[in-house]
Amino acid sequence: MLKRFFTCLLITSGLYLPASVYADGAGLYARHCAACHGAEGNGGVGVPLALPAFLKSVDDAFLSKSIRDGRPGRVMPAFSKLSDVEVKSLVKYIRSWSDSPAATFSTVAVHGNARHGKKLFAKFCASCHGANGEGGHGTGVTFSRPRDLPIIAPAINNAGFLTSASDQLIKRTLMQGREGTPMVSFLKQGMTEADINDVVAYVRSFEKNQSNQTQESFDKEPLTLAYESPYDMKGTIDRVKAAAKGKNFRIIREQKLENGLVKQSEENPNQVIVYFCNFQLLNQALTVDPRVGLFLPCRVTISESKGQVVIYAINPKRLSKLFNNHELNKLCDGMYETYTSILEEATL
Ligand code: HEC
Ligand code: HEC
């Protein structure tokens, strides 16, 4: 009795963990995956993982490599810091959603005519997976995709996918489809097995044409944009507002940086945030990736120290990296142009 009480106390105080808790698949899933793939694996921002047809058509290597490497630029992060034991227990947990055993595949490569496969791809696949296999647009969240498409087609020209999926896995997916998803069996669509081999050869050829847009190009971007202002606090704030209005933004409010953190009378008057918003842009951004909402409305911080006023804004180009979403690149580039022109104009 006493021993149980102490064990309980130690567990709740976080000092003692029974061995089985070290790689608790359910706990790891809840912490790292559920937000995107749904608590029960039913999908959300990420594709559903619990569908029997999906689990039946992939092997454990595909699952663990997908977790390790992620899908660069396609929202799915790479979980490179999880231990092998942790990845294994995640796979085991995902497997617990289905009774059917994991698929197994021979390692024999599929040979086919990639040139013919390319033609078939344009005809049968591009409408969902994109002209170059770049995947469907938006995310699995309802308002960011057409309602009649329950699952976004994954990117299949993606380095993370191509290293995770063997030729035979891709072939079986095309032969059998994934029941309950828009991905149908292409044998039933009139392709022959030879045609399917050609398409597999074409999909494999994406490996050679990986876009070289590495995440490093984003690393060179500074986290924040900073401009020195030749004006005083009030003059600078007025100019920021005027410049934002000139770019079709509505000023939402102006508040001290310390608002809510200290007593109102103690707020530093030399640190002010101006919030502004453009609802059209807001909707556009949320459609591409709802997580952008975390950084909205737009804000600029104006701060004075020793007589020098400086304007700061976060660098929107860093968002694409943070969110691992190539689709945000164009939008973030646009936001970067807008921010820099507002900051430049305000400090001119
Ligand atoms: C109607 C839309 C649609 C069409 C057409 C389509 N797919 Fe798919 N495809 C999907 C969806 C959605 C999935 C995800 C299924 C899932 O969640 O398991 C998928 C999954 C896949 C996968 C597995 C990817 C992964 O990450 O697990 C491959 C490979 C694939 N498709 C290749 C093709 C090829 C090649 C063609 C043409 C012969 C094709 N698809 C046609 C919608 C489509
Ligand atoms: C920030 C959102 C997000 C998180 C967190 C996330 N995923 Fe994903 N995941 C995705 C998206 C989106 C895709 C589809 C990629 C595409 O469209 O090309 C995906 C794809 C996958 C795939 C490939 C599915 C297929 O049909 O081929 C697996 C497996 C997977 N995720 C497992 C996991 C696991 C396990 C975790 C937790 C360790 C996790 N994901 C965390 C968003 C996420």
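It should be noted that the structure appears before, not after, this text.
Q: Looking at this model, I keep getting lost on the side chain of serine 66. Mind explaining?
A: Position of serine 66 among the secondary structure elements: in helix H5 (residues 60-69). The class of serine 66 is buried, set by a relative accessible area of 11%. Setting aside residues up to four positions removed in sequence, serine 66 forms contacts with Arg71, Met76 and Ser164.

Q: Quick question: what am I supposed to make of the coordination of the iron atom of ligand 2 here?
A: Four donors placed tetrahedrally around a metal ideally meet at 109.5 degrees, and six donors placed octahedrally ideally meet at 90 or 180 degrees. With distances of 2.0 to 2.1 Å, the protein atoms coordinating the iron atom of ligand 2 are His37 (NE2) and Met76 (SD). Metal-centred angles of 88 to 179° between the six donor atoms at the iron atom of ligand 2 mark the site as octahedral. Of the two residues, histidine 37 is situated in helix H3 (residues 34-37) and methionine 76 in the loop between H5 and helix H6 (84-95); the sequence distance between them amounts to 39 residues.

Q: Please clarify how the site of ligand 2 should be interpreted in this entry.
A: Taken together, 25 residues sit near ligand 2, with Cys33, Cys36, His37, Met76 and Ala155 positioned nearest. At a separation of 2.9 Å, an oxygen atom of ligand 2 approaches a polar side-chain atom of arginine 74. Between alanine 155 and ligand 2, the recorded distance is 2.8 Å, taken from a backbone N or O atom to an oxygen atom. Where the shell around ligand 2 is concerned, the elements lending two or more residues are H3, H5 and H6.

Q: What exactly am I supposed to notice about the coordination of the iron atom of ligand 1 here?
A: Donor atoms from the polypeptide that bind the iron atom of ligand 1 are His129 (NE2) and Met183 (SD), placed at 2.0 to 2.2 Å. With six donor atoms in place around the iron atom of ligand 1 and angles of 88 to 177° between them, the coordination shape is octahedral. A residue pair is termed long-range when its members are at least 10 positions apart, and histidine 129 in helix H8 (residues 126-129) and methionine 183 in the loop between helix H10 (167-176) and helix H11 (193-205) qualify at 54 residues.

Q: I would appreciate a short explanation of the sheet that holds strand E1 (residues 224-229) in the present structure.
A: Sheet strands pair by backbone hydrogen bonding; their relative direction is either parallel or antiparallel. Reading across from one edge, E1-E5-E4-E3-E2 is the order of the five strands in this open sheet, with antiparallel pairing throughout. Edge positions in the open sheet fall to E1 and strand E2 (250-256), since each of these has one partner strand only. With strand direction ignored, the average angle separating the axes of adjacent strands in the sheet is 20°. Bridge analysis of E1 against strand E5 (residues 308-314) gives six bridges, and the strand direction is antiparallel. What sits directly across from threonine 224, in E5, is isoleucine 314.

Q: Hey, could you run me through the site of ligand 1 in this one?
A: Looking at ligand 1, there are 22 residues lining it, with Cys125, Cys128, His129, Arg178 and Met183 nearest. Separating an oxygen atom of ligand 1 from a side-chain N or O atom of arginine 71 is a distance of 3.4 Å. Between a nitrogen atom of ligand 1 and a side-chain N or O atom of histidine 129, the distance comes to 2.8 Å. No other element matches H10, which puts three residues into the shell around ligand 1. Broken down by class, the residue content of the shell around ligand 1 amounts to 17 nonpolar, three polar and two charged.

Q: Would you mind going over unusual backbone geometry with me for this structure?
A: With glycine set apart, most residues show a phi of negative sign, and most peptide bonds adopt trans. Despite not being glycine, asparagine 248 has its phi angle at roughly 70°, a positive value. Mapped onto the secondary structure, asparagine 248 falls in the loop between helix H13 (233-246) and E2. For asparagine 248, a relative accessible area of 63% gives the class exposed. Positive phi, normally seen in glycine, also occurs at lysine 306, with a value near 50°. By the element assignment, lysine 306 lies in the loop between strand E4 (298-305) and E5. Assessed through its relative accessible area of 87%, lysine 306 is described here as exposed.

Parameters at a glance
Residues numbered from 1 in each chain as written. Chains lettered and ligands numbered in written order. Predicted model: local features only at pLDDT ≥ 70, side-chain atom pairs only at ≥ 80, totals over all residues. Heavy atoms only, no water. Helix = DSSP H or I, 4+ residues; strand = E, 2+ residues; numbered from the N terminus. Buried < 20%, exposed > 50% of the residue type's maximum accessible area, 1.4 Å probe, protein only. Contact = heavy atoms within 4.5 Å. Donors = N, O, S within 2.8 Å, 3.2 Å for Na, K, Ca; no water. Tetrahedral: all angles 85-135°; square planar, octahedral: opposite > 155°, others 65-115°. Near = heavy atom within 4 Å. Polar contact = N/O pair within 3.5 Å; in protein donor to acceptor, adjacent residues only side chain to side chain. Pairing = 2+ DSSP bridges. Axes fitted to C-alpha atoms, helices over the stretch in contact; angles between N-to-C directions. Nonpolar A, V, L, I, M, F, W, Y, C, P; charged D, E, K, R; others polar.

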